[in-house]
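# Descriptive analysis of the structure
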There are 2 protein chains.
Amino acid sequence: MKISELSRVSGVSVPTIKYYIREGLLPPGRQTTAPNQADYATEHEQLLRLIRTLTEVGGLSIGSVRTVITTLGDQRASIHELLGTAHRALPPILDDHDPPADLVEARADVDAYLTSLGWEVSAEAPARRMLAQALVSLRRLGRDVDASVFDPYAEAADTIAKHELASIAPEATRAQIVEAAIVGTVVFEHALVALRRLAQARHSAKRFS
Amino acid sequence: MKISELSRVSGVSVPTIKYYIREGLLPPGRQTTAPNQADYATEHEQLLRLIRTLTEVGGLSIGSVRTVITTLGDQRASIHELLGTAHRALPPILDDHDPPADLVEARADVDAYLTSLGWEVSAEAPARRMLAQALVSLRRLGRDVDASVFDPYAEAADTIAKHELASIAPEATRAQIVEAAIVGTVVFEHALVALRRLAQARHSAKRFS
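Since the structure is predicted, the reported quantities are computational estimates derived from the model, not experimental observations.

## Quick word on the nonpolar core
Within soluble globular proteins, side chains that are nonpolar generally end up buried alongside one another. Of all hydrophobic cores here, the largest spans 74 residues; its most connected members are A:F150, A:L195, A:L198, B:F150, B:L195 and B:L198. Elements represented by at least two residues in this core include exactly α6 (101-117), α7 (126-140), α8 (151-166) and α9 (174-208) of chain A together with α6 (101-117), α7 (126-140), α8 (151-166) and α9 (174-208) of chain B. Excluding residues within four positions of it along the chain, B:F150 makes contact with A:F188, A:A191, A:L195, B:Y113, B:L131, B:A134 and B:L135.

Put into structure tokens, the structure is as follows:
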């Protein structure tokens with residue numbers, strides 16, 4: 001198909017498609033005999049959909065999208081590695097330079113906590129740092145807590161994640177799995193936060209009104 | 001105590017304390033015989049701690065903090081009403097002006113869904129809109145889903161919220177309950193998001209590596 005057709009089916013404007021090609025996110029179309037005209041395939045359409053999901057839903061920068069797409073093209077990378085790359089590219093990107101002493105301590109506490117749960121997770125997973133940040137916030141507010149305060153949340157999170165991984169269709173392609181993981185992580189994250197607030201409201205009504 | 005002492009025990013600078021008094025968040029200190037000197041009490045210290053939690057942890061604007069504190073002072077407001085006010089003041093503050101048709105439809109779907117779950121929640125709870133936004137995002141990405149896609153998340157959220165409300169000490173004051181609710185909502189929200197990503201990583205390792 002022509003670039004104008006690709007733009008129509010994908011909902012991405014022609015200048016944006018050209019920008020993605022210049023940035024190396026999308027391969028150029030196949031050259032045809034007509035000058036200044038290239039041919040685009042379904043592969044381009046699927047890749048554009050993934051790029052849109054990564055940027056609009058996931059909030060990824062163009063640099064992070066490039067990392068995900070490069071990994072996607074690397075056939076030696078396992079799907080587990082692909083998902084790790086996608087996760088690491090997701091916001092929040094935390095600044096790890098020169099962390100304060102209480103954060104360093106909280107990180108060690110979180111690492112020990114995950115080990116105690118028996119969760120095998122890469123030492124570089126940025127969510128370790130997110131969790132340590134939550135622990136530090138509680139301690140800075142004067143709460144004398146250790147990481148076991150997260151127990152009910154860990155149990156709920158584990159049930160959800162197990163369900164999510166099980167619901168990935170066995171015949172899904174690598175790109176589909178990565179897209180599903182990003183959508184799942186980001187969109188259902190918002191849903192979970194909203195549902196928790198709604199559940200708090202209902203239990204508050206039961207207890208206090 | 002003097003304002004300098006209040007600043008020391010609360011960790012809030014003297015100019016910021018004066019700013020809070022001008023903005024009506026904090027009552028002025030009791031006048032003493034010494035000119036330009038006022039006396040501050042433990043009540044001020046506790047209120048400052050709440051203001052810090054609301055702004056630094058909850059991300060509330062000064063206007064939202066004022067709403068929460070005004071409600072706190074209204075002895076006719078039930079604790080359930082107080083918690084509702086605190087929740088409504090929390091980000092994200094969504095723009096409800098002229099919503100697109102698919103969002104209007106998703107809101108109706110979410111309302112019907114919560115009714116089907118038997119959750120009694122105020123019609124104005126902003127988390128209804130957050131959840132509708134998640135549903136719209138999925139549909140815009142081409143997924144043909146209804147609100148029951150949230151079932152596993154609703155179940156997990158309900159278990160967590162029940163635990164959270166049950167863990168509020170019966171002897172807690174109104175201000176302590178509001179502070180605990182904000183801290184609980186915001187900090188444990190981050191913790192829950194982090195733990196879900198970690199649990200996804202571990203289940204991904206089991207399935208794909």
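## Quick word on the packing of aromatic side chains
All names here are of chain A. Scanning the model with the defined rule gives 6 aromatic pairs over all chains in all. Taking the centre distance of 6.0 Å and the plane angle of 45° together, the rings of Y19 and Y20 count as tilted. Owing to a relative accessible area of 8%, Y20 belongs among the buried residues under this scheme.

## Things to note about the interface of chain A and chain B
Between chain A and chain B, the contact holds 71 residues from the first and 71 residues from the second. With both chains or domains summed, chain A and chain B bury close to 6800 Å², and 71% of this area falls on carbon and sulfur atoms. Considering only the side of chain A, the residues that lose the most area to chain B are A:Y153, A:R196 and A:R197, jointly responsible for 11% of the buried surface there. Viewed at the interface, chain B and chain A are joined by 8 salt bridges. Ionic pairing is found between B:D158 and A:R202, a salt bridge with its closest N-O pair at 2.9 Å.

## Focus on unusual backbone geometry
Residue and element names in this part refer to chain A. The backbone of D98 shows a phi angle near 55°, a positive value even though the residue is not glycine. Mapped onto the elements, D98 comes out in the loop between α5 (79-89) and α6. Classification of D98 by relative accessible area gives exposed; the value is 65%.

## So, the environment of B:P91
Structurally, B:P91 is set in the loop between α5 (79-89) and α6. On the accessibility criterion, B:P91 (33% relative accessible area) is partly exposed. With 17 residues separating them along the chain, B:P91 and B:A108 place their C-alpha atoms 22 Å apart. Apart from residues no more than four positions distant in its own chain, B:P91 is found in contact with A:R197, B:G58, B:G59 and B:L60.

## A closer look at helix α3 (residues 42-57) of chain A
Quick reminder: α-helices carry 3.6 residues per turn. Residues three or four places apart thus point the same way. Residues and elements named next belong to chain A. For α3, built from 16 residues, the straight-helix expectation of 22 Å at 1.5 Å per residue is met to within 8% by its first-to-last C-alpha distance of 22 Å. Among the residues of α3, H44, L47, L48, L50, I51, T53 and L54 are the ones counted as buried. For α3, the secondary structure elements touched by its buried residues are α1 (3-10), α2 (14-22), α4 (62-73) and α9. One or two steps after α3, the chain reaches G59, where phi turns positive at roughly 70°.

## A look at the pattern of salt bridges
One pass over the full model with this rule turns up 24 salt bridges over all chains. A:E189 is the partner of B:R197 in a salt bridge, and the nearest nitrogen-oxygen pair spans 3.0 Å. Of this pair, B:R197 sits in helix α9 while A:E189 sits in helix α9, placing the two residues on different chains. Like A:E189, B:R197 is buried. Between B:R140 and B:D102 there is a salt bridge, and its shortest N-O distance comes to 2.8 Å. Residue B:R140 is found in helix α7, and its partner B:D102 is found in helix α6; the two are separated by 38 residues along the sequence. Through salt bridges with shared partners, a single network forms among A:E164, A:E189, B:R196 and B:R197.

What counts, and at which threshold
Residues numbered from 1 in each chain as written. Chains lettered and ligands numbered in written order. Predicted model: local features only at pLDDT ≥ 70, side-chain atom pairs only at ≥ 80, totals over all residues. Heavy atoms only, no water. Core = buried A, V, L, I, M, F, W, Y, C linked by side-chain atoms within 4.5 Å. Buried < 20%, exposed > 50% of the residue type's maximum accessible area, 1.4 Å probe, protein only. Helix = DSSP H or I, 4+ residues; strand = E, 2+ residues; numbered from the N terminus. Contact = heavy atoms within 4.5 Å. Phe/Tyr/Trp six-rings, centres within 6.5 Å; stacked < 30°, edge-to-face > 60°. Buried area = accessible area lost by both parts, 1.4 Å probe. Salt bridge = Lys/Arg side-chain N within 4 Å of Asp/Glu carboxyl O. Expected span 1.5 Å × (residues − 1).

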